[in-house]
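This is what each chain is made of:
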Amino acid sequence: VQLKPYQSVVRALVTDNPDENFVAIYRQQLERMRSEYDMQRLLYGDWEAMPEAKNPFAHQYDKLLHEKPVKFDPFKQLYISIDFNLNPFAVTFWHFYQDARGYNFEGVDEAEIAQRSIPAMIDLNKMKYGPYLHQVILTGDAMGKARNISEKDNASHYLQLQRGLGLSTHQIKVSSNPSHENSRSDVNDLLWQTKQPNTRYFFSMNPDTMPNTCRDFRNVQCDATGAIMKGNRKDLNQRGDFCDCGRYFLHLTARPILLRLRR
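A brief look at the structure comes next.

Cut-offs used in this document
- Residues numbered from 1 in each chain as written.
- Predicted model: local features only at pLDDT ≥ 70, side-chain atom pairs only at ≥ 80, totals over all residues.
- Heavy atoms only, no water.
- Buried < 20%, exposed > 50% of the residue type's maximum accessible area, 1.4 Å probe, protein only.
- Helix = DSSP H or I, 4+ residues; strand = E, 2+ residues; numbered from the N terminus.
- Pairing = 2+ DSSP bridges.
- 1 Å grid on protein atoms, 1.4 Å probe; cavity = no way out; pocket = protein on both sides within 12 Å on 5 of 7 lines; lining within 4 Å.
- Points joined across faces, edges and corners; volume = space filled by probe spheres on them.
- Axes fitted to C-alpha atoms, helices over the stretch in contact; angles between N-to-C directions.
- Parallel < 35°, antiparallel > 145°, perpendicular 65-115°, else oblique.
- Contact = heavy atoms within 4.5 Å.
- Nonpolar A, V, L, I, M, F, W, Y, C, P; charged D, E, K, R; others polar.

### Observations concerning the pairing of strand S4 (residues 137-140)
The side chains of a regular strand alternate, first on one face of the sheet and then on the other.
Move 1: Burial along S4 is two-sided: Ile137 and Thr139 facing one way and Leu138 and Gly140 facing the other are all buried.
Move 2: Bridge analysis of strand S1 (residues 78-83) against S4 gives four bridges, and the strand direction is parallel. Among the inter-strand pairings, isoleucine 80 is bridged to a residue of S4, identified as leucine 138.

### Brief notes about empty space enclosed by the protein
Move 1: Applying the stated rule across the entire model yields two cavities of 30 Å³ or more.
Move 2: Reported here for the largest cavity is a volume of approximately 70 Å³.
Move 3: Around the largest cavity, the lining residues are Thr139, Gly140, Lys173, Val174, Ser175, Ser176, Asn177, Pro178, Tyr248, His251 and Leu252.
Move 4: Elements with a minimum of two residues in the lining of the largest cavity: S4 and helix H8 (241-262).
Move 5: At three residues, the largest contribution of residues to the lining of the largest cavity is made by H8.

### Here's the deal with the packing of helix H7 (residues 211-219) against H8
A pair of packed helices is characterised by two quantities: the angle between their axes and the separation of those axes.
Move 1: Between H7 and H8, the least distance of the axes is 8 Å, while the angle of their chain directions is 85 degrees. What the angle tells us is that H7 and H8 run roughly perpendicular. Listed contacts from H8 to Asn212, Thr213, Asp216 and Phe217 of H7 are Asp241, Phe242, Cys243 and Gly246.
Move 2: Tallied by class, residues from the contact of H7 with H8 come to three nonpolar, three polar and two charged.

Quick look at the structure:
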């Protein structure tokens, strides 16, 4: 909003009102609202709050449990997961490792490029994690395996990334894209496992370094068939690009473990 010269904005909460009786009555009314979204906006003044998903993709996701300040550790395996969408061209960074307590899936970073530029994605990865690229695993959208006729040798996106980042063929691990339904089952199975007493499965993402991925896991919705809703690119909750990056990472790392667990 462009304010006119004679206009200004004064931010205030209901608790700033000097009339204590009014505050008590109005606050009581607001606290009775069933919608957490409305309460966050009207009572606490959080205008960046997002409405609750009616049919969330990650229905087992718990912000208090799954969002933690995990950080990149140079001594742990780094996974890079990419979604080859045009805008944004999204990439996420993860750790997956096993220790004495069990299996750990940690989201440590994310980034995006406005347009799908492979050279820009190569530069971004070099800038962020150049010294550690010799030990990364690159995964993501299977569409990136398609041959690219704009390249002289029809090199796929993954082959271009492999060359630009100096990776070996063994560092590229991409399978067919999982269906939304199967992926949803796997993701929520893992999230549910993390809630169990004496669990050996731990999933967490850093909300400070992965705000878009955390938002997607909280808000991306599915239709009646279980497919992710992506009809409106203007709606952040119907993009799901960072959610897709997370799905591809978990399809590679968590699915084999979950399949053994189900037997």
